[in-house]
Amino acid sequence: MKVLMLVATSVATDARVLKEAKTLAGAGHSVHVIGKSVPADFVPPAGVSVSSVGASSVLRREGGASLSKKALPPPVRAARWAMLPTHRNSTFRRWADGVAEQAADLPFDVVHAHDFTALAVGHDIAVAAGVPLVYDTHELWSGRSREYRPTPLQDRRERALEKRLGDRAVAVITVGQGIADTLAARYGWRHVRVVRNTFEAPAGRVAKREGSPRPAALIYAGRLGAHRELETVAAASLDLQRDLGLTVQLMGPADSTWLAGFDAGACQVEPPVPTGEVDARLREAGLVLVALAPGFENHTLALPNKLFHAVAAGVPVVATDLGELAAVVRRHGIGTLYRAGDPRDLRRAVSTAVADYPALCAAVARATPELSWDRDAAVLLELYERLAAAVPTTGDAPSEHTGAAEGPQGRRSGS
């Protein structure tokens, strides 16, 4: 099958999109991904092609300078808080318009829309081309954390749109059972499949880390921004360095406005590295921080990439004692937990992880088969095998299966 994936990210650092695309390509499908502001030098996996649409808005042009090179004064912060929804809406709308234009020249047999930001345009393209739509939601969109003013009317419209278009998808994929259960309860969906954010774990990596006597550092590898408990980590960082001999490394793409006002304490703040290099950095550090702030429904249900990436690298975690994340850590004994917002309890959890390090590494090794991409890839491939059996591929007789009974006007793909 020819799979058209849509995602409003740079693709280059989107581990989930890359894993799914690579897995489908490895099974013989042809995958093209349309992303947002993809780096010009990005090289996709074998069998996967990538194109890009810019990220301009009515408030800022593509590549335009941000106001956040330094900490913003209060009036500017307030204006940003008020205007950010307008900027986001404009950015995603213009991206969707560009996606529709590109899709008009592409052949495909199924549209795979990643997250709510790609759902409407994915639906329109699928309807126009007469092909099925797969909706892959990486989070509980309506329960995500926000860094801008409340938008209750827009939120209600988005929930209604998500239900209406998700009803018409041939399948909905999400990252954990908690979100799947919530979507089923909220929307009545019975076509949700769970494909977790797990990773491949090549032979030899776990065994090598299992024999290490103690970690060298505590590392957070993910987006640097609000609602990720990084203020708590910074507050504990000096004690962790002084008392336990651990440096704290914060590595990843940053919200520059947030970063400008962030007091990092003794933390080392570093830029992101390519996805293929993250594993080596985790193993080098030896202890991975998986932190989420409470107060958001999506955070309570989330199973972050960072958790499974640590397992694949054979490295224990120190995680926030919150919802689904804490349940997995407890169930498998793969790390320690701390109370959100409590630097002293974070220090205790890290100290315990250092003291119990060999046992925690052994627990990670035991849990790896269950928490690996092999299991989740099988769910994804089974779905696409069923679609391939039911839907004529490009070049065959036109399919009457649209993946949607009706919908907004779109553009039919080439064939």
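Numbers given for residues are sequential positions, taken from 1 along each chain in its written order. The model is predicted, so local features are restricted to residues of pLDDT at least 70 and side-chain atom pairs to those at 80 or more, both for listing and for counting; the totals for chains, interfaces and linings are taken over all residues. The basis for every side-chain value is the complete set of non-hydrogen atoms in the structure, without hydrogens or water.

Undergrad: Would you mind going over the overall build of the protein chain with me for this structure?
TA: Runs of E in the DSSP output that reach at least two residues are strands. Runs of H or I that reach at least four are helices, and both are numbered from the N terminus. On a plain count of helices and strands, the protein chain comes out with 15 helices and 13 strands. Throughout this description, buried means an accessible area under 20% of the type-specific maximum (1.4 Å probe, protein chains only), exposed means over 50%, and partly exposed covers the range between. Evaluated residue by residue, the protein chain yields a buried proportion of 54% over its 415 residues. Any pair of residues with heavy atoms lying within 4.5 Å of one another is described as a contacting pair. Pairs at least 24 residues apart make up 72% of the contacts formed inside the protein chain by residues separated by at least 6 positions. Summing over all exposed atoms, the protein chain offers an accessible surface of approximately 17500 Å²; the carbon and sulfur share of this is 53%. The protein chains shown are the only cover counted for residues, whose accessible areas, like all others here, come from Shrake-Rupley with a 1.4 Å probe.

Undergrad: Looking at this structure, how should I read unusual backbone geometry?
TA: Most of the time, phi is negative for any residue but glycine, and the peptide bond is trans. The phi dihedral of valine 11 falls on the positive side, at around 70°, and the residue is not glycine. Topologically, valine 11 is positioned in the loop between strand 1 (2-6) and helix 1 (15-26).

Undergrad: I'm lost on the pattern of salt bridges in this one. Help?
TA: When their charged atoms lie close together, side chains carrying opposite charge are able to pair. Here, a salt bridge means any side-chain nitrogen of Lys or Arg that lies within 4 Å of a carboxyl oxygen of Asp or Glu. Per the stated rule, a full pass over the model turns up 14 salt bridges. Notably, a salt bridge pairs arginine 16 with aspartate 136, separated by 3.1 Å at the nearest N-O pair. With a gap of 120 residues between them, arginine 16 in helix 1 and aspartate 136 in strand 5 (residues 133-137) connect regions that are remote in the sequence. Residue arginine 16 is classed as buried on the basis of its relative accessible area, which comes to 2%. In this structure, the salt-bridge partner of arginine 330 is aspartate 321, at a minimum N-O distance of 2.8 Å. Because the salt bridges share partners, they merge into one network encompassing Asp239, Arg242, Asp243 and Arg347.

Undergrad: Explanation requested: the pairing of strand 6 (residues 171-174) in the structure shown.
TA: Across a regular strand the side chains alternate sides, sitting on one face of the sheet and then on the other. Of the two faces of strand 6, the one carrying Ala171 and Ile173 and the one carrying Val172 and Thr174 are both buried. By the bridge criterion, four bridges tie strand 5 to strand 6 in an arrangement that is parallel. Opposite threonine 137, over in strand 6, you have threonine 174 as the bridge partner. Think of it this way: DSSP has to see at least two bridges between two strands before they count as a pair. Where strand 6 and strand 7 (residues 192-194) come together, three bridges link them in parallel fashion. Counted as the bridge partner of threonine 174 is valine 194 from strand 7. By definition, the crossover connecting two strands over a helix is right-handed if that path, from the first strand to the second, turns clockwise as seen with the strands pointing away from the viewer. A crossover connection joins strand 6 to the parallel strand 7 through helix 5 (residues 177-187); in handedness this β-α-β unit is right-handed.

Undergrad: What is the right way to look at helix 7 (residues 230-244) in this model?
TA: For an α-helix the count is 3.6 residues per turn, leaving residues at separations of three or four pointing the same way. At every residue, the bend is computed as the angle between two fitted axes, covering the seven residues ending there and the seven beginning there respectively. For helix 7, the principal kink sits at alanine 236 and spans about 40°. Three or more residues of helix 7 are buried, namely Leu230, Thr232, Val233, Ala234, Ala236, Ser237, Leu240 and Leu244. Backbone geometry just downstream of helix 7 places glycine 245 in the positive-phi region, at approximately 70°.

Undergrad: Just to check I follow, could you spell out the packing of aromatic side chains for this structure?
TA: Aromatic ring pairs: the centre-centre distance and the angle between the two ring planes describe each pair. When the centres of two rings from Phe, Tyr and Trp lie within 6.5 Å, Trp using its six-membered ring, the rings pair. Their planes under 30 degrees apart give stacked, over 60 give edge-to-face, and anything left gives tilted. Counted according to the given criterion, the structure contains three aromatic pairs. Relative to tryptophan 189, the ring of tyrosine 135 has its centre 6.5 Å away and its plane inclined at 90°; by these criteria the two rings are edge-to-face. One end of the pair, tyrosine 135, is in strand 5; the other, tryptophan 189, is in the loop between helix 5 and strand 7, and 54 residues separate them in sequence. Like tyrosine 135, the residue tryptophan 189 is buried in the burial classification. Where tyrosine 187 meets tryptophan 189, the ring centres are 4.8 Å apart and the plane angle is 50°; that geometry is what we call tilted. By relative accessible area, which is 8% here, tyrosine 187 ends up buried. Tryptophan 189 sits in the buried class, given a relative accessible area of 3%. Here a set of aromatic residues connected by ring pairs shows up, and it is made of Tyr135, Tyr187 and Trp189.

Undergrad: In this structure, what is going on with the sheet that holds strand 4 (residues 110-114)? I would like to understand it.
TA: Pairing between the strands of a sheet is mediated by backbone hydrogen bonds and can be parallel or antiparallel. Read from one edge of the open sheet, seven strands run 3-2-1-4-5-6-7, paired in parallel fashion. In this open sheet, the two strands that pair with only one neighbour each are strand 3 (48-53) and strand 7. Neighbour-to-neighbour, the strand axes of this sheet turn through a mean angle of 20°, independent of strand direction. Axis angles are defined between N-to-C directions and span 0 to 180 degrees, where every axis is a line fitted to C-alpha atoms and, for a helix, only to the segment in contact. The sheet strands contacting helix 3 (residues 116-129) are strand 1, strand 4 and strand 5, and the helix crosses strand 4 at an angle near 165°.

Undergrad: Any chance you could explain the side chain of histidine 309 here in plain terms?
TA: Turning to its location among the elements, histidine 309 is positioned in helix 11 (residues 305-313). Residue classification places histidine 309 among the buried positions, given a relative accessible area of 11%. Apart from the residues within four sequence positions on either side, histidine 309 is in contact with Phe199, Thr275, Val278, Asp279 and Leu282.

Undergrad: Please clarify how the sheet that holds strand 10 (residues 268-270) should be interpreted in this entry.
TA: Pairing within the open sheet is parallel, and its six strands lie in the order 10-9-8-11-12-13. The outermost strands of the open sheet, each flanked by one partner alone, are strand 10 and strand 13 (335-338). Each strand axis lies, on average, 25° off the axis of its neighbour in the sheet, ignoring direction. Pairing geometry for strand 8 (residues 217-221) and strand 9 (residues 247-251), over five bridges, is parallel. Residue pairing for strand 9: alanine 221 is matched across the bridge by methionine 251.

Undergrad: Is there a simple way to explain the packing of helix 7 against helix 13 (residues 343-355) in this structure?
TA: Packed helix pairs are specified by the crossing angle of their axes together with the interaxial distance, meaning the distance between the axes. Between helix 7 and helix 13, the least distance of the axes is 9 Å, while the angle of their chain directions is 45°. If you check the angle between helix 7 and helix 13, you find them oblique. As for the relative orientation of helix 7 and helix 13, their crossing is right-handed in sense. For the pair helix 7 and helix 13, contact is made by Thr232, Val233, Ala235, Ala236, Asp239, Leu240, Asp243 and Leu244 and by Pro343, Leu346, Arg347, Val350 and Ser351, respectively. Oblique is the label for any angle not covered by the other classes, which are roughly parallel (under 35 degrees), roughly antiparallel (over 145) and roughly perpendicular (65 to 115). The handedness criterion is simple: a crossing whose near helix is rotated anticlockwise from the far helix by less than a right angle is left-handed, and one whose near helix is rotated clockwise is right-handed.

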